[in-house]
Amino acid sequence: MKWFPVLFLLMWICAIYIAGIYLFVGGFLLVRLEVNRTSSCLDALYPGREPERDFCRGQPRFHKAVLLIIDALKIDFARFDPNNTSPRAYENKLPVLEETVAAKPSHSRLYPFRADPPTTTMQRIKGFTTGSLPTFIDVGNNFASSAILEDNLIQQLGQVGKRVVFMGDDTWENLYPKRFHRSLPFPSFNVKDLHTVDDGILHNIYTTLEGDDWDVLVAHFLGVDHCGHRFGPDHPAMADKLTQMDGVIRSVMGRLQNDTLLVVMGDHGMTDTGDHGGESQKETDAAIFIYSPSPLFQQPQAQVLEPEVVPQTDLVPTLALLLGIPIPYSSVGQVLLPLFPPHGQSAVGALSQQEALWINAKQVNRFLETYSSMAKDIPPETLAQLRNQFSNLSSEYLTAHVKGLLSSPRLTASLQAYLTSVRDACRATWAKFNPLKMAAGLVILGLACAACFLVSELSLALIRENGTLKSPCVSAALTGSCAAVFQLLKWSYVEVSWCVACAALGSELSFLWKAHQSRDVGKTGTGWMSLPQLLTPAVFILLLRCASLLSDSYVIAEGRVVTFLLFSLALYIPVHLNWNGYLLPPSHDLQKTSPLLPSPHALSPSTVRKEASTLMACLGLVIGSLSLSLYFHGCREEQGACQPSQFLSPLSRMQDDKLRNFHYVLSILALALYTYLLKSWMRNYGNLNASSVTVFSANWILPVSSICLGLHWAVSGTPEDSFKNLSELIGLAQLALPRAAYCLLTLGLSLIWLDPLTVFVKAKTSTQNKMAPRLPPRYRASIGISPQAELHHLIPQIYQQMRQSLDDGEASGAGEDDGRPAVEAYGLGTVYSAPLLLCCGMMGVGLLLLHPEGMALAFLLLLFEMGGVLYIHASASTLSGQYRTQAGFNVPWTPVLLWALIAAQFFHTTGHLPTFPSIQWSAAFVGFPDGHTGTILPAFLVTLNTFASHILLAVSCPLLLFWPVLCEFRNGRGGKACGDEGEDAVMEIRLRESPQHFSSALLQLSARYLFIQGAQMFSSVCAAAILRRHLMVWKVFAPKLMFETSSFIATSVSVLFGVTLVLRIDFSVTRWFKRLVPEASR
């Protein structure tokens, strides 16, 4: 096989696709411009022509503050309903908040605390310390937190000499390195650990409060958030955690001095499954409780405008002015008005509501002017309107200040309206796009799809032609270099993205021009570009699939949409065969009246009936698997009353022992059947007789890995309060069993790569051959090979000559004279598919290890779907005579599209959704219950979990090429059974009769699969570009874009791995043939 052009062409296709993704994402998901300026105590914030005052020298309302951050404290957790006689696990567990508000209304308030998406911890900390709004791409930094450079509360507190003591989530230490007077960080990434961080805080917080070595204390508790991730909110462990937090709040309140402000707040909420990261109300609405031992709020409450919801950004200016420090420069928050007294009622030196609003408005206007001078993304008309609004407001405030009318409600409303307008304008425009990069990315991706399609249709010509990519590579180098030189000459710097754009565009245009000039295009253009060839149901289904990605409703219901398309396309195959008269054998009348001789390629009626029965049975299997797979889907927030599948919950979350045991038994049975089916298939085709390391992997490593997985499920599903005496042993098992499975599976995959052959060679002397009965071999996949054969090109004609010469030699007794052995090889007919299938099976076990236990049933359904589609494809190819009437081994579009749709469908079947809250972060801790020291390994494990379907289907894609050849002679060619005299079928070895056609078919299949995946990804990119100002862009289309592009990259890498494995097997087969001749001739 010509491995170099196959691999190089596929790598080139993947590279230009990824270049287009890189450019588009770089233009679509830009981080907003950060203003690296800092507020100071001498900023001119007061009205009139008074000399500049040192703001920090004034008398602050509070000298100390305590911030208790209870991660994921949603507002529902903070409410208390005395009429609720049967509260759920998370209800009525924090009575201290409502009790204090009712008993001391002038001292405390409880508000909903609304976060800006993305609702991940790092972005929330950044939001309520800087007062700025996050951008969408910031979500990717949640587990790789980098230091905050913008002006922030921690920096301002340090500049005025306040001692900030921190304890809790170590994310703060990453965001604010060396900024704290004293810091006690604890590891935060292990979501299964409910107590380490909280216990560490409790061990230090009370002694710190009672000491005098602090001015601001920040304590970030993680137990509630981790409990939600591990068990969900409605679990007894959540009740225990919230009850513990209630006690903490009471204890802290009892230790506060009159000049100390207490703020208890959540950084975000959580969904009903305990996740967060998106923008649903359950995720954004946290709680904030403000308390002071001295009176803080005005009485009665009706005289003060109480907000219904407090945005998180409003905490920054409020805390800054209450503590007597400047508001951070980039803050767009608005002071929380009830915490400041009306004008005329404030103490000497304290800020009134109107004065606080004016300082806030002037600071926001200063930031707006600075930002608009540095970045041009705020629309000019919006900017002019805001400037005019502030100019009028400034004149109005100055007049009111001179006349002593600052208490005017109209002035207060105008100040609040201005601050709200600025924040809304920033929120609307900080979805910052670079249209030029987006357009370049779209063009490159569109041309990449065209190039990929051409590669799939001209694969044979490209294989035959030497130096196919020489011109595109040279063009890429030249155009990329020219772009770099041009940028250096014009701007004195080089932006890599434009060099990549020019290189990719030049390479694509060069390839398309060369393909257009090729003689093969002219010869075959009317065949593959004709309208009837394009207007096929497979193309129609693909267009429907791509078009659905431009609708938010279809993206939300994508799981069911893909299942319907998959069902429709599978049903089309037998309908199409029946329409062309292939599904049923010809009637007896037609056979009698036909004057023509039967075709030598015609199938016997019994073969037609058996193939049709196989096809319909597999169709039923696929339809049944598709129907059952709908029971494993998760739910999006937009789907309303949808309830996620119980199988998505880990066993540890289930409180019903009987239900937990039932789920465990089902999972074990599914895993056992999965392993048994893989081994049975290999045994049936004679691939388990050899003594190779690959057979060792199938016989021992695969079953032992499955046993480790089953034991791991049993250990991880054990409730924490059970077997307390064995807690250390259980902890050791949670560590050892998954790691043992990792090591075994890695070893097995390495052994498959080192020696992928599963062929058993058996030698017999000629005397033994004469005396042995002429029985067919035990496995239909076995063939006999003569040492006299020339094995450079093994074709069916030479195969028959080998058998004939062997028979002649035995009849004449020549074998007795020289003792030359005859060689039989078992498993040679499945020499390609067996190691590939075993590799995918072992990868499936490893990926299942990263999923909840209930997903074993989903993986079993995937195996049924894949097997059903493979046998449907094989039977359809046999009935239609595709391989009997064609010289090549091309795989049609329909099965390739089915394969790609299964990848998308199985993505949803495993509970995944194109939303950030659906990411199964627990996968990062399988085998690492104590967490990680870095972020690469956990990110890799989460990626494997999320894109398991795309990885498995891409690696196993070459099976679509092998299966029809494998099954074509299941019932014999022309009615002859396998092993009959004159039979010329050697199954997969037949692919070696024409190395060029084999290489061409493999290249075509891979290119078609990449084209389908690339077309879906391109549609998602177009949707994000066209609908970038749509209401649902950040909720639906942007997450879908991120998941679609990431899945394509995972698919590309997996396709290359699968093709490389096939090439490795082919190399081993060639070497085996060459080694067989001298060994048999000795």
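Cut-off values and rules
Residues numbered from 1 in each chain as written. Predicted model: local features only at pLDDT ≥ 70, side-chain atom pairs only at ≥ 80, totals over all residues. Heavy atoms only, no water. Helix = DSSP H or I, 4+ residues; strand = E, 2+ residues; numbered from the N terminus. Buried < 20%, exposed > 50% of the residue type's maximum accessible area, 1.4 Å probe, protein only. Contact = heavy atoms within 4.5 Å. Expected span 1.5 Å × (residues − 1). Arc of directions from axis to C-beta. Phe/Tyr/Trp six-rings, centres within 6.5 Å; stacked < 30°, edge-to-face > 60°. Lys NZ or Arg CZ within 6 Å of the ring centre and 35° of its normal. Pairing = 2+ DSSP bridges. Salt bridge = Lys/Arg side-chain N within 4 Å of Asp/Glu carboxyl O. 1 Å grid on protein atoms, 1.4 Å probe; cavity = no way out; pocket = protein on both sides within 12 Å on 5 of 7 lines; lining within 4 Å. Points joined across faces, edges and corners; volume = space filled by probe spheres on them. Nonpolar A, V, L, I, M, F, W, Y, C, P; charged D, E, K, R; others polar. pLDDT = per-residue confidence, 0-100. Axes fitted to C-alpha atoms, helices over the stretch in contact; angles between N-to-C directions. Parallel < 35°, antiparallel > 145°, perpendicular 65-115°, else oblique. Left-handed = near helix turned anticlockwise from the far one by under 90°.

To continue, consider the overall build of the protein. Summing up its helical and strand segments, the protein has 41 helices and 11 strands in all. Out of the 1082 residues belonging to the protein, those deemed buried represent 57%. Nonlocal contacts in the protein, meaning residues at least 24 apart in sequence, comprise 80% of its contacts between residues at least 6 apart.

Given a rise of 1.5 Å per residue, 22 residues ought to cover 32 Å, and the 32 Å separating the end C-alpha atoms of helix H18 (residues 470–491) matches this to within 8%. Of all the positions in H18, only Pro 472, Ser 475, Ala 476, Gly 480, Ala 483, Ala 484 and Gln 487 are classed as buried. Considered in projection along H18, the buried side chains sweep an arc of 160 degrees and stay on one side of the axis. Facing away from the buried side of H18 by more than 90 degrees, the exposed set consists of Lys 470, Leu 478, Cys 482 and Leu 489. Of the surrounding elements, those touching the buried residues of H18 are helix H1 (3–28) and helix H19 (496–517). Trailing H18 by a residue or two, Ser 492 shows a phi angle of about 65 degrees, which is positive.

Our next topic: the packing of aromatic side chains. Following the criterion strictly, the structure yields 32 aromatic pairs and no others. Aromatic pair Phe 453 and Phe 1011: ring centres 5.6 Å apart, planes at 55 degrees, arrangement tilted. One end of the pair, Phe 453, is in helix H16 (residues 435–457); the other, Phe 1011, is in helix H40 (residues 995–1026), with 558 residues separating them in the sequence. Take Phe 453: its relative accessible area is 16%, and that puts it in the buried class. Both rings, one in Tyr 832 and one in Phe 998, keep their centres 5.3 Å apart while their planes meet at 80 degrees; by these two values the pair is edge-to-face. A residue pair is termed long-range when its members are at least 10 positions apart, and Tyr 832 in the loop between strand S11 (822–826) and helix H33 (833–849) and Phe 998 in helix H40 qualify at 166 residues. Each member of the pair Tyr 832 and Phe 998 is classed as buried. Here the aromatic residues Phe 128, Phe 166, Trp 172, Tyr 176 and Phe 180 are joined through ring pairs into a cluster of three or more. If you follow Arg 61 out to its NZ or CZ, it ends over the ring of Phe 62, 4.5 Å from the centre. Lying over the aromatic face of Trp 214, Lys 64 brings its terminal NZ or CZ to 4.5 Å of the ring centre.

For the rest of this paragraph, the subject is the sheet that holds strand S2 (residues 108–114). Strand order in the open sheet formed by eight strands is S4-S3-S5-S1-S6-S7-S2-S8, with mixed pairing between adjacent strands. The open sheet terminates on both sides in strands that have one partner only, identified here as strand S4 (182–186) and strand S8 (310–311). Strand direction decides the pairing type here: S2 and strand S7 (residues 285–291), joined by seven bridges, are antiparallel. By the bridge assignment for S7, Pro 112 is matched with Ala 287.

What follows is about the pattern of salt bridges. Counted according to the given criterion, the structure contains 23 salt bridges. Note that Asp 212 is salt-bridged to Lys 64, the shortest N-O span being 3.3 Å. Placement of Asp 212 in the loop between helix H8 (205–210) and strand S5 (216–221) and of Lys 64 in strand S1 (residues 64–70) is noted, with a sequence separation of 148 residues between them. Overall, Asp 212 belongs to the exposed group, its relative accessible area being 58%. Residue Glu 306 pairs with Arg 109 through a salt bridge whose shortest N-O separation is 3.0 Å. One end of the pair, Glu 306, is in the loop between S7 and S8; the other, Arg 109, is in strand S2, and 197 residues separate them in sequence. Under the relative-accessibility criterion, Glu 306 is labelled partly exposed at 26%. Taken together, the shared-partner salt bridges connect Arg 545, Glu 558, Lys 1040 and Glu 1044 into one network.

Of all seven residues making up S1, seven are buried, and the element is well covered by its neighbours. The alternating pattern of S1 places Lys 64, Val 66, Leu 68 and Ile 70 on one face and Ala 65, Leu 67 and Ile 69 on the opposite face, and all of these are buried. By the bridge criterion, six bridges tie S1 to strand S6 (residues 260–265) in an arrangement that is parallel. Looking at the pairing, Lys 64 lines up with Thr 260 of S6. Strand direction decides the pairing type here: S1 and S5, joined by six bridges, are parallel. Paired with Val 66 across the two strands is Leu 217, which belongs to S5.

With that settled, the discussion passes to helix H24 (residues 558–579). Its 22 residues give H24 an end-to-end C-alpha distance of 31 Å, which sits within 8% of 32 Å, the value for a rise of 1.5 Å per residue. Positive backbone phi, at 80 degrees, marks Gly 581, one or two positions downstream of H24.

Here the focus is the environment of Ala 923. Inspection of the secondary structure assignment puts Ala 923 in the loop between helix H36 (893–909) and helix H37 (936–946). Exposure remark for Ala 923: the relative accessible area of 0% places this residue in the buried category. Along the sequence, Ala 923 and Phe 940 sit 17 residues apart, while their C-alpha atoms lie 9.6 Å from each other. Apart from residues lying up to four places away in sequence, Ala 923 is in contact with Leu 850, Leu 941, Val 942 and Asn 945.

Applying the stated criterion to the full structure yields seven cavities of 30 Å³ or more. The calculated volume of the largest cavity comes to roughly 130 Å³. As for the largest cavity, its lining consists of 15 residues, of which Glu 558, His 950, Lys 1040, Glu 1044 and Ser 1047 are closest to the centre. Its residues assigned to classes, the lining of the largest cavity comprises six nonpolar, five polar and four charged. Estimated volume of the second largest cavity: approximately 100 Å³. What lines the second largest cavity is simply Leu 67, Phe 128, Thr 129, Leu 153, Ile 154, Leu 157, Trp 172, Val 216, Val 218, Leu 319 and Leu 323.

Our focus in this paragraph is the confidence of the model for the protein. With 83% of its residues at a pLDDT of 70 or more, the protein shows a mean pLDDT of 82. Least confident of the elements in the protein is strand S10 (residues 783–785), whose mean pLDDT is 37; most confident is helix H38 (residues 948–955), at 96. This stretch, residues 519–527, has a pLDDT under 50; its non-local contacts, to residues over four places away or in other chains, come to eight contacts. Contacts for the low-pLDDT stretch residues 971–985, under 50 throughout, to residues beyond four places or in other chains number 21 contacts.

This part takes up the environment of Ala 538. Residue placement: Ala 538 occurs in helix H22 (residues 537–548). On the basis of relative accessibility, which here comes to 5%, the residue Ala 538 falls in the buried class. Considered as a pair, Ala 538 and Thr 894 are 356 residues apart in the sequence and their alpha carbons are 5.3 Å apart. The contact partners of Ala 538, leaving out residues within four places of it in the chain, are Leu 569, Trp 893, Thr 894 and Leu 897.

Interaxial distance between H24 and H36 falls to 9 Å at its minimum, and their mutual angle equals 155 degrees. Judged by the inter-axis angle, H24 sits roughly antiparallel to H36. The two elements H24 and H36 cross, and the hand of that crossing is left-handed. On H36, the residues touching Glu 558, Gly 559, Val 562, Thr 563, Leu 565, Leu 566, Leu 569, Ala 570, Tyr 572 and Ile 573 of H24 are Thr 894, Leu 897, Leu 898, Leu 901, Ile 902, Ala 904, Gln 905 and His 908. In terms of residue class, the contact of H24 with H36 is made up of 12 nonpolar, five polar and one charged.

Buried residues dominate S7, accounting for seven of its seven residues. Judged by which residues are buried, S7 turns out to be covered on both faces: Asp 285, Ala 287, Phe 289 and Tyr 291 on one side and Ala 286, Ile 288 and Ile 290 on the other are all buried. In the sheet, S6 pairs with S7 via four bridges, with the strands oriented antiparallel. Counterpart to Met 265 in the pairing with S7 is Ile 288.

The backbone of Lys 178 sits at a positive phi, close to 60 degrees, despite the residue not being glycine. Residue classification places Lys 178 among the exposed positions, given a relative accessible area of 83%. In this model, Ser 492 sits at a positive phi of 65 degrees, which is unusual for a non-glycine residue. Along the polypeptide, Ser 492 turns up in the loop between H18 and H19. Residue classification places Ser 492 among the exposed residues on the basis of a relative accessible area of 62%.

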